[in-house]
Amino acid sequence: GFPSHGMVLCATAADGSLSFVTPPPASKPGDRVELGLPNPPASEAQVDKKKLFVKAQPLFVVKGGRCFFKDRPFAVGGEACTATVADGATIN
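Everything quoted here is computed from the prediction, not taken from an experiment.

> What am I meant to see in the pairing of strand S4 (residues 66–69) here?
Two faces belong to every sheet, and in a regular strand the side chains alternate between them. In terms of strand pairing, strand S3 (residues 60–63) meets S4 through four bridges, oriented antiparallel. The partner of Val61 across the bridge, within S4, is Phe68. As consecutive antiparallel partners, S3 and S4 are separated by two residues, and within that stretch Gly64 has a phi angle of approximately 60°, a positive value. The pairing of S4 with strand S5 (residues 72–73) spans two bridges and is antiparallel. Across the sheet, residue Phe69 finds its bridge partner in S5, namely Arg72. Linking two consecutive strands that pair antiparallel, namely S4 and S5, is a turn of two residues; a positive phi of about 55° is found at Lys70 within it.

> Please explain the packing of aromatic side chains as it appears in this structure.
Between two aromatic rings, the relevant description is the distance of the centres plus the angle of the planes. Throughout the structure, instances matching the rule amount to three aromatic pairs. Taking 5.8 Å as the distance between ring centres and 70° as the angle between the ring planes, the aromatic pair formed by Phe53 and Phe60 counts as edge-to-face. Look at Phe60 and you get buried, because its relative accessible area is 7%. Among the aromatic residues, those joined into a ring-pair cluster are Phe53, Phe60, Phe69 and Phe74. Cation over ring: Lys63 sits above Phe68, and NZ or CZ is 5.1 Å from the ring centre.

> Explanation requested: the nonpolar core in the structure shown.
A general tendency of soluble globular proteins is for nonpolar side chains to be buried together. Formed by 16 residues in total, the largest nonpolar core has its most connected members in Ala11, Val62, Cys67, Phe74, Val85 and Ile91. Secondary-structure elements contributing two or more residues to this core are S3 and S4.

> Help me out: how do you make sense of the state of the cysteines in this one?
Two cysteines whose sulfur atoms are joined by a covalent bond form what is called a disulfide. Applying the stated criterion across every chain, the model contains zero disulfides. Cys81 supplies the cysteine sulfur nearest to Cys67, a cysteine that is in no disulfide, at a spacing of 6.2 Å. For Cys67, a relative accessible area of 0% corresponds to the buried category. With relative accessibility at 2%, the residue Cys81 sits in the buried group.

> Is there a simple way to think about the pattern of salt bridges in this case?
For the coordinates displayed, the defined rule picks out one salt bridge. In this structure, Lys28 and Asp31 form a salt bridge, with 3.4 Å as the shortest nitrogen-oxygen distance.

Cut-offs and rules
Residues numbered from 1 in each chain as written. Predicted model: local features only at pLDDT ≥ 70, side-chain atom pairs only at ≥ 80, totals over all residues. Heavy atoms only, no water. Pairing = 2+ DSSP bridges. Helix = DSSP H or I, 4+ residues; strand = E, 2+ residues; numbered from the N terminus. Phe/Tyr/Trp six-rings, centres within 6.5 Å; stacked < 30°, edge-to-face > 60°. Buried < 20%, exposed > 50% of the residue type's maximum accessible area, 1.4 Å probe, protein only. Lys NZ or Arg CZ within 6 Å of the ring centre and 35° of its normal. Core = buried A, V, L, I, M, F, W, Y, C linked by side-chain atoms within 4.5 Å. Disulfide = S-S within 2.5 Å. Salt bridge = Lys/Arg side-chain N within 4 Å of Asp/Glu carboxyl O.

As structure tokens, this is what we get:
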């Protein structure tokens, strides 16, 4: 095998319905999902050591078909990532 550096995100609504988080049509493999945070992205080692994903994931939510971290939209190239589930769905 080989190490993977990608991630598939899904949104799950309270009723159990599931949807893939969909990047914008113009995105391509390897594009980074941006959360609109002022700091530069964490390195892979920082993400693992500080368990950043585990801490942030409970704050990932769907509102109006768009994906958010707190009140900041998930974006690729300035365009929103979406999921076709009910508002309040969690993303993991």
